[in-house]
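# Examining the three-dimensional arrangement
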Amino acid sequence: MYKILYRIIKISVIITLIIVSLDLIFSKSTTLDNLLSISNLGIYFFYSFVLSSVNGLFFYVMNKRINWEGKGVQRVVIGVVGSIVLTLMAFFVCRAVHLVYFENKYSFDEFLANERIGYYLFPLLFTAIVSLSFHLFHFYKALQERRVAEQKIIAGTASAKFD
């Protein structure tokens, strides 16, 4: 259990650093001091931790239920769509907690009234890219493992012929 928690924290820190870097590069209104403040880093980490936990749990369950063997396309479709839907739902919850509870910027009703679809475009794109990359990596890994197994069988057969 601690191993999984450590891994999620490690991934969350990496994602936090990536998001901070992207924000620094692409945001014209963000200053370095503001970006590196403890409260901003804490909020970035909060989002990263929640989203990493949700996706980590989703893929853990998926790995237990859907095997790569013979179901590669099904797994990719379910994995990408499921990851995107869960990420957007978790992002909504993170935004609500962040703006209603952490910053006291809105009441929950005001938060709902002020939500826009545009707020969800970055997490949608980010999740799609990460999820597709994850699936491509694991699909490639499974393909390579199958090839290695086939080569071992061929080598074993060839060895048996010489014995």
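Structure first, text after, so check above.
Let me begin by describing the structure that accompanies this report. None of the values given here were measured: they were computed from a predicted structure.

## Regarding the overall build of the protein chain
Scanning the protein chain from terminus to terminus reveals six helices and zero strands. Taken from N to C terminus, the helices and strands of the protein chain fall in the order α-α-α-α-α-α. Taking 163 residues into account, the globule formula puts the C-alpha radius of gyration at 15 Å, and the protein chain, at 21 Å, lies well above it. Seen through its principal axes, the protein chain has C-alpha atoms that stretch 75 × 30 × 30 Å. For the protein chain, the residues scored as buried account for 26% of the 163 residues in total. Partitioning the intrachain contacts of the protein chain with sequence separation of at least 6 by distance along the chain shows that 68% fall at a separation of at least 24. Accessible surface, the protein chain as shown: approximately 11700 Å² in total, 69% of it carbon and sulfur. For the protein chain, the centre of its 16 positive side-chain charges and the centre of its 10 negative side-chain charges are spaced 10 Å apart.

## Quick notes on the layout of surface pockets
Rolling a probe over the atoms, with the probe sized like a water molecule, indicates the empty space that remains. Of the volumes computed, that of the largest pocket is approximately 1800 Å³. Along its surface, the largest pocket is lined by 48 residues, and Ile-15, Ser-48, Leu-51, Ser-52 and Asn-55 are the ones closest to its centre. Looking at the lining of the largest pocket, the elements that each hand over two or more residues are α1 (2-26), α3 (38-65), α4 (72-102), α5 (108-114) and α6 (121-162). The leading source of residues in the lining of the largest pocket is α3, at 14 residues. Among the residues making up the lining of the largest pocket, the classes are represented as 28 nonpolar, 13 polar and seven charged.

## Some points on α1
The end-to-end C-alpha separation of α1 is 36 Å, in line with the 36 Å expected for 25 residues at 1.5 Å each. Those residues of α1 that sit buried are Ile-8, Ser-12, Thr-16, Ile-19, Val-20 and Asp-23.

## Description of the nonpolar core
Here is a general trend for soluble globular proteins: nonpolar side chains tend to be buried in one another's company. Judged by nonpolar contacts, Ile-43, Tyr-47, Leu-51, Ala-90, Phe-91, Cys-94 and Tyr-120 together constitute the single largest core of seven residues. Elements with a minimum of two residues in this core: α3 and α4.

## Quick notes on the packing of α1 against α3
Interaxial distance between α1 and α3 falls to 8 Å at its minimum, and their mutual angle equals 130°. Judged by the angle between their axes, α1 and α3 are oblique. Viewed along their axes, α1 and α3 form a crossing whose handedness is right-handed. On α3, the residues touching Leu-5, Ile-8, Ile-9, Ile-11, Ser-12, Val-13, Ile-15, Thr-16, Ile-19, Val-20 and Asp-23 of α1 are Leu-41, Tyr-44, Phe-45, Ser-48, Phe-49, Ser-52 and Ser-53. By residue class, the composition of the contact of α1 with α3 is twelve nonpolar, five polar and one charged.

## Overview of the packing of α3 against α4
Where α3 meets α4, the axes come as close as 9 Å, and the angle between the chain directions of the two elements is 150°. One way to sum up the angle between α3 and α4 is to call them roughly antiparallel. For α3 against α4, the interelement crossing comes out right-handed. When its residues are assigned to classes, the contact of α3 with α4 shows 16 nonpolar, seven polar and two charged.

## Observations concerning a nonpolar patch on the surface
On the surface, Tyr-2, Leu-5, Ile-9, Val-13 and Leu-17 cluster together to form a nonpolar patch covering roughly 510 Å² of accessible area. Within the secondary structure, Leu-17 is located in helix α1.

Rules and cut-offs
Residues numbered from 1 in each chain as written. Predicted model: local features only at pLDDT ≥ 70, side-chain atom pairs only at ≥ 80, totals over all residues. Heavy atoms only, no water. Helix = DSSP H or I, 4+ residues; strand = E, 2+ residues; numbered from the N terminus. Rg over C-alpha atoms; globule rule 2.2 N^0.38 Å. Buried < 20%, exposed > 50% of the residue type's maximum accessible area, 1.4 Å probe, protein only. Contact = heavy atoms within 4.5 Å. Areas by Shrake-Rupley, 256 points an atom, 1.4 Å probe, with all protein chains shown as cover. Lys, Arg positive; Asp, Glu negative; His and termini not counted. Charge placed at Lys NZ, Arg CZ, Asp CG, Glu CD. 1 Å grid on protein atoms, 1.4 Å probe; cavity = no way out; pocket = protein on both sides within 12 Å on 5 of 7 lines; lining within 4 Å. Points joined across faces, edges and corners; volume = space filled by probe spheres on them. Nonpolar A, V, L, I, M, F, W, Y, C, P; charged D, E, K, R; others polar. Expected span 1.5 Å × (residues − 1). Core = buried A, V, L, I, M, F, W, Y, C linked by side-chain atoms within 4.5 Å. Axes fitted to C-alpha atoms, helices over the stretch in contact; angles between N-to-C directions. Parallel < 35°, antiparallel > 145°, perpendicular 65-115°, else oblique. Left-handed = near helix turned anticlockwise from the far one by under 90°. Patch = residues over 30% accessible without salt bridge, like charges linked within 9 Å, V, L, I, M, F, W, Y side chains within 5 Å. Salt bridge = Lys/Arg side-chain N within 4 Å of Asp/Glu carboxyl O.

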